Amino acid sequence: MNIQVITYADIESLEGSQGHFKVKVRKRARSVDPLRCTGCGTCVESCPVIYQPVPA
Ligand code: SF4
């Protein structure tokens, strides 16, 4: 299986058919290098923004 997860991105266009898709993806700017982040959570403790999930 050939799957690549691209987070914080939007699909701009999708063409083709099963097995031959062509997808145009716009990646949003990040402040963190995803290849270096270990997910330790230290930055969350210092972040001034309080995340509040939107009720479903
Ligand atoms: S502090 Fe930890 S979680 Fe935050 S960006 Fe750095 S490595 Fe990632």
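Each residue is numbered by its place in its chain's sequence as written, counting from 1. A pLDDT threshold of at least 70 governs which residues receive local features in this predicted model, and a stricter bar of 80 or more applies before side-chain atom pairs are shown or counted, although totals over entire chains, interfaces and linings include all residues.

Enquirer: Quick question: what am I supposed to make of the overall build of the chain here?
Expert: A tally of regular secondary structure across the chain gives one helix and two strands. By definition, any uninterrupted DSSP run of H or I lasting at least four residues is a helix, any uninterrupted run of E lasting at least two residues is a strand, and each is numbered from the N terminus. For the chain, the sequential pattern of α-helices and β-strands runs β-β-α. Radius of gyration: C-alpha atoms only; globule rule: 2.2 Å multiplied by the number of residues to the exponent 0.38. Taken over the C-alpha trace, the chain has a radius of gyration of 16 Å; the compact-globule value for 56 residues is 10 Å, which it surpasses by more than 25%. Over its C-alpha atoms, taken along the principal directions, the chain stretches across nearly 45 × 30 × 20 Å. Neighbour density around each residue's C-beta defines its exposure: 20 or more other C-beta atoms within 10 Å make it buried, 12 or fewer make it exposed, and counts between make it partly exposed, where C-beta atoms are placed from the backbone. For the chain, the proportion of its 56 residues judged to be buried stands at 0%.

Enquirer: Explain the pairing of strand β1 (residues 9-17) to me, please; I cannot follow it from the model alone.
Expert: The element β1 is largely exposed, with a buried count of zero among its nine residues. Two strands form a pair only when DSSP identifies at least two bridges running between them. Sheet analysis places β1 next to strand β2 (residues 20-27), joined by eight bridges and oriented antiparallel. Note on β2: the bridge partner recorded for L14 is V23. Between β1 and the antiparallel strand that follows it, β2, lie two residues; G19 among them carries a positive phi value of about 90 degrees.

Enquirer: Explain the site of the ligand here, please?
Expert: Neighbouring the ligand are the residues V32, C37, T38, G39, C40, G41, T42 and C43. In this classification, Asp, Glu, Lys and Arg are treated as charged, Ala, Val, Leu, Ile, Met, Phe, Trp, Tyr, Cys and Pro as nonpolar, and every other residue, Gly included, as polar. Looking at the shell around the ligand, its residues break down into four nonpolar, four polar and no charged. The rule is simple: place the C-beta atom from the backbone, and if it lies within 6 Å of a molecule or strand, the residue is near it.

Enquirer: Looking at this model, I keep getting lost on unusual backbone geometry. Mind explaining?
Expert: Trans peptide bonds make up most of the peptide bonds, and negative phi angles are found at most residues other than glycine. A positive phi angle, close to 50 degrees, is found at Y8, a residue other than glycine. With respect to the helices and strands, the residue Y8 is situated in the segment before β1.

Enquirer: How should I be thinking about the environment of I3 in this particular structure?
Expert: Looking at where I3 falls in the secondary structure, it is placed in the segment before β1. With 4 C-beta atoms counted inside 10 Å, the residue I3 sits in the exposed group. Sequence-wise, I3 and P55 are 52 residues apart; in three dimensions their C-alpha atoms are separated by 30 Å.

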